[in-house]
Amino acid sequence: MKRLCIAVLAALLITGCAGTKFSYDQARKVQVGMSESEVVSIMGKPYSVISRPDGQVWVWSYANGMSGKNRAVSFLLKDGQVVKTPNIPQIFN
C-alpha cells in the first residue's frame, strides 16, 4: 500500500506541471529590438516556436495541474530580433 501511495504521488508530481516556467515580471522586461539571445537570457528557452510569414512566434506556456494556475505569453521575432511584445497588465503576476 505504501508503494502504491508513493507511485501515485510521484505520478502527480510528474504530470502536475507542464511547459516552461516563467513569470510575467520576466516577460515585461522583453522589449522590441532585443536579440534572440537576450530574450532567452530573460525568459529561458521557449516552450514552442511557430513559423509564420511575418516571422517567428516564440511561446512560453506554463500550467500547474495541482493548483490549476496557468500562464502564457508570446513574442514575435523577425530576423533574430523582437518586433512585437504583448501588453501585460500589472494585475498579472
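Residues numbered from 1 in each chain as written. Predicted model: local features only at pLDDT ≥ 70, side-chain atom pairs only at ≥ 80, totals over all residues. Heavy atoms only, no water.

Student: How do you make sense of the pairing of strand β4 (residues 70–78) when you look at a structure like this?
Tutor: The side chains of a regular strand alternate between both faces of the sheet. Note: strand β3 (residues 55–64) against β4, eight bridges, orientation antiparallel. Within β4, the position partnered with Ala63 by the bridge is Asn70. Counting the residues between successive antiparallel strands, the hairpin from β3 to β4 contains five residues, one of them, Gly68, with a positive phi of roughly 80°. As paired elements, β4 and strand β5 (residues 81–84) share three bridges and run antiparallel to each other. Bridge pairing in β5 links Lys78 to Gln81. Following β4, the chain reverses through two residues before pairing antiparallel with β5; Asp79 in that reversal takes a positive phi of roughly 55°. (Pairing = 2+ DSSP bridges. Helix = DSSP H or I, 4+ residues; strand = E, 2+ residues; numbered from the N terminus.)

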